[in-house]
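So you can see what is in the structure, the chains are spelled out below.
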Amino acid sequence: MFIGVFWIIAISAIAVYALPSGGAIPASAVQYWFSQRIDHFGYNNATWQQQYLVNATFYKGGGPIYVSTPGELPVSTRYVDNVHVTSLAQKTNGLLVTIEHRFFGSSNPMPDLSGPSLQSLTIENVLEDFASFVRTAKSSPDKVFPVPVSPNASVVFFGGSYSGNIAAWMRAKYPKLIAGAWASSAILYGRLEYYQFDQGFGRHLRALGCAKQFSQAIDAVDAILISGNTARIAKLQQELGVPNLTPQDTAGLLSGLGVTFSLSPVSTTEDLIEKNVCSFFNSTSRTPIAAYAAVIKNAIKQTGMTQESLIKMGDTSYGIDDYSLGQFNRVWYYMGCSWFGNWQVAPPPATKLPKYRSQLVSLSYFEPNCQAKFGKGVATPVDVAAYNRKWFTIINGVSNIYFTSGSLDIWHESTVLSAAGLLLKGLKNSSAFVIDGATHVQDLNIGQPSDLTSVRISRAIGDALVSRWI
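The next subject is the overall build of the protein. Summing up its helical and strand segments, the protein has 17 helices and ten strands in all. Within the protein, buried positions represent 60% of all 470 residues. Partitioning the intrachain contacts of the protein with sequence separation of at least 6 by distance along the chain shows that 76% fall at a separation of at least 24. Accessible area for the protein stands at about 17,500 Å²; split by element, carbon and sulfur atoms hold 54% of it.

The structure is reproduced here in structure tokens:
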């Protein structure tokens, strides 16, 4: 279904903070499994197997252990073979391990993804999974590592985006286990409605001179979708190349194709926005709707989507009762319903901010699906205030955390370096750095000759801090 696909793309794309590159350091990752309890706090004492990968290529006795998790993605060798921390491990004789998050990839505590099965998907259980592994790594390293590792080895946790949350939380909750944490672009501050997401997109459009035209197209499309005129709506859908869905589902599908596809949060550049969006609007021969149609059709072509796949993604009723494993979007949606919200919506009229997605993509578009997909045990709306009181403020005053965020990061407003960060009353015991001109999690990428100077500085600061922690 659409809201479970494009909403997750906006997250998971930024979580892949290390992409294959020609500058990759040769390394070797080995797959292992670790036994975990379904519920560490009494709900279900049965066990399951959690997947993890180890790269011990650079390890020498006395070196540190660098831990990460891909968060909402399956584990991959890239997380130990081709990230900035790989080069750091080489310099410090470190061992790298990346641990799969429960309910993602092949690490499934339960046989399906029904609402009852997902009850053990809590932040507390997620963190205790990693803590349990680290405890074993410290007490009986021979049980989890292929080489002899000192029980006194310092452990540093790294993560970007949601994984950055986990890194910071691990240091805050388990300071005796985790010596320090590097949390890049950690989206720690939950928002019920994250309309700020589109404003980063808008900054690029304004710089390229097509923001006004794009907003005009959105208004024109909205006028038709809310008109109730089925003939006009059908004609619009045909012009845009999208299937015949309800007006709200159409609006949601268009938002994903028109905004999310155009944003590559890891490496958004104005060249990318110019190619996928503004090049169509800067042609004087097109009306706003015609230009928008060109944007949508280009997105469909570039992603190779068929009408059938568009229906599956756009129809909010599709897959409601599909509980099969392997649906990372379904699991992430559950986390949004239960934990932090962050629904990517159009800005409320009171904000007077420009619109880059339909006004039909509001809280009412997302929230009803929480109980439809997972049952009445999921309360709506999600209590974001309670989440922030517990999981945002937990990092206040904690030492040895390095927070970074790109100034152009579309998730910047949910990091501790944004205005929301003022709620922490300062990070007196940790460090923070805004990476000028950077987007999401760029400092954890493997170094490249084309890297911004600010990214290089961020890495140098982080490396120096890690050297002190270990």
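Structure's up, so let's keep going.
How two helices sit against one another is set out by the angle between their axes and by the gap between those axes. Where helix H7 (residues 211-225) meets helix H11 (residues 288-303), the closest approach of the two axes is 8 Å, and the angle between their N-to-C directions is 95°. In terms of orientation, H7 lies roughly perpendicular with respect to H11. Touching Gln213, Phe214, Gln216, Ala217, Ile218, Ala220, Val221 and Ile224 of H7 are Pro288, Ile289 and Tyr292, all from H11. Classifying every residue of the contact of H7 with H11 by side-chain character gives nine nonpolar, two polar and no charged.

This paragraph deals with the pairing of strand S3 (residues 65-68). Burial of the side chains of S3 extends over both faces: Ile65 and Val67 are buried on one face and Tyr66 and Ser68 on the other. In the sheet, S3 pairs with strand S4 (residues 95-99) via four bridges, with the strands oriented parallel. Paired with Tyr66 across the bridge in S4 is Leu96. Bridge analysis of S3 against strand S5 (residues 155-160) gives four bridges, and the strand direction is parallel. Across the sheet, residue Val67 finds its bridge partner in S5, namely Phe157.

For the rest of this paragraph, the subject is helix H12 (residues 307-314). For H12, the complete set of buried residues consists of Leu310, Met313 and Gly314. Projection of H12 onto a plane perpendicular to its axis shows the buried side chains occupying an angular sector of 90°, all on one side.

Its boundaries defined by the atoms lining it, the second largest pocket holds a volume of some 260 Å³. Around the second largest pocket sit 17 residues that line it, and Ser338, Trp339, Val382, Asp383 and Tyr387 are the ones nearest its centre. At the level of elements, helix H4 (123-139), helix H13 (328-340) and helix H16 (384-392) are the ones that each hand at least two residues to the lining of the second largest pocket. Partitioned by chemical class, the residues of the lining of the second largest pocket number eleven nonpolar, three polar and three charged.

Analysis parameters
Residues numbered from 1 in each chain as written. Predicted model: local features only at pLDDT ≥ 70, side-chain atom pairs only at ≥ 80, totals over all residues. Heavy atoms only, no water. Helix = DSSP H or I, 4+ residues; strand = E, 2+ residues; numbered from the N terminus. Buried < 20%, exposed > 50% of the residue type's maximum accessible area, 1.4 Å probe, protein only. Contact = heavy atoms within 4.5 Å. Areas by Shrake-Rupley, 256 points an atom, 1.4 Å probe, with all protein chains shown as cover. Axes fitted to C-alpha atoms, helices over the stretch in contact; angles between N-to-C directions. Parallel < 35°, antiparallel > 145°, perpendicular 65-115°, else oblique. Nonpolar A, V, L, I, M, F, W, Y, C, P; charged D, E, K, R; others polar. Pairing = 2+ DSSP bridges. Arc of directions from axis to C-beta. 1 Å grid on protein atoms, 1.4 Å probe; cavity = no way out; pocket = protein on both sides within 12 Å on 5 of 7 lines; lining within 4 Å. Points joined across faces, edges and corners; volume = space filled by probe spheres on them.

All we've got here are geometric facts, nothing functional implied.
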